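Chain by chain, the residues run as shown.
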Amino acid sequence: QVQLVESGGGFVQPGGSLRLSCVASGNIISIDDMGWYRQAPGKQRELVAEITKGSRSDYADSVKGRFACVRDNSKNTIYLQMDNLKPEDTAIYYCNAHITDTTTGFNIYWGQGTRVTVSS
């Protein structure tokens, strides 16, 4: 069974930094696009960053220049480096991956989420 496990969330003051990680495990054949989404209280889940298997990345306008998404295909891992954090970045961050596995074929998987709080 495939699992995505995020880590790295926490509490940080405005202007601070955090690095999120997401590891995919299980009977994985291949991983295509991966990404990070977030959901703030009372708001819909939104795309933060996405990255292709070839490491071409794209970002929401609200995080461009502050967040960087990278992946390590050898470790089935995606990272989100978040710098110059703002209170409006406060949300639960979810990892997303398009995975083909040995038992169910192609599926879109989600992690359980990791909370990021930016406050003074």
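First things first, this report covers the structure right here in the doc. From a predicted model like this one, the values you see are computed outputs, not experimental measurements.

### Things to note about the nonpolar core
Ranked by internal contacts, the top residues of the largest apolar core, which has 31 residues, are Trp36, Leu80, Met82, Tyr93 and Ile99. Where this core is concerned, the elements lending two or more residues are strand S3 (18–25), strand S4 (28–39), strand S5 (46–51), strand S7 (67–72), strand S8 (77–82), strand S9 (91–101) and strand S11 (114–118). Broken down by element, this core gets its largest block of residues, five residues, from S9. For Ile99, the contacting residues outside a window of four places in its chain are Val2, Leu4, Ala24, Ile28, Ser30, Ile31, Gly105, Phe106, Asn107 and Tyr109.

### Describing the side chain of Thr77
Among the secondary structure elements, Thr77 is positioned in strand S8. By relative accessible area, Thr77 is classed as buried at 5%. In terms of polar contacts, Thr77 uses its side chain to reach the backbone carbonyl oxygen of Lys75, at 2.8 Å. Every residue in contact with Thr77, bar those within four places of it in the chain, is listed here: Cys22, Val23, Val70, Arg71 and Asp72.

### Details of the sheet that holds strand S1 (residues 3–7)
Within the open sheet, the four strands sit side by side as S1-S3-S8-S7. Their pairing is antiparallel. The open sheet has two free edges, formed respectively by S1 and S7, since each of these has just one partner strand. Neighbour-to-neighbour, the strand axes of the sheet open up by a mean angle of 15°, direction not taken into account. Two elements, S3 and S8, share six bridges in a ladder whose sense is antiparallel. Residue pairing in the sheet places Arg19 in a bridge with Gln81 of S8.

Thresholds applied
Residues numbered from 1 in each chain as written. Predicted model: local features only at pLDDT ≥ 70, side-chain atom pairs only at ≥ 80, totals over all residues. Heavy atoms only, no water. Core = buried A, V, L, I, M, F, W, Y, C linked by side-chain atoms within 4.5 Å. Buried < 20%, exposed > 50% of the residue type's maximum accessible area, 1.4 Å probe, protein only. Helix = DSSP H or I, 4+ residues; strand = E, 2+ residues; numbered from the N terminus. Contact = heavy atoms within 4.5 Å. Polar contact = N/O pair within 3.5 Å; in protein donor to acceptor, adjacent residues only side chain to side chain. Pairing = 2+ DSSP bridges. Axes fitted to C-alpha atoms, helices over the stretch in contact; angles between N-to-C directions.

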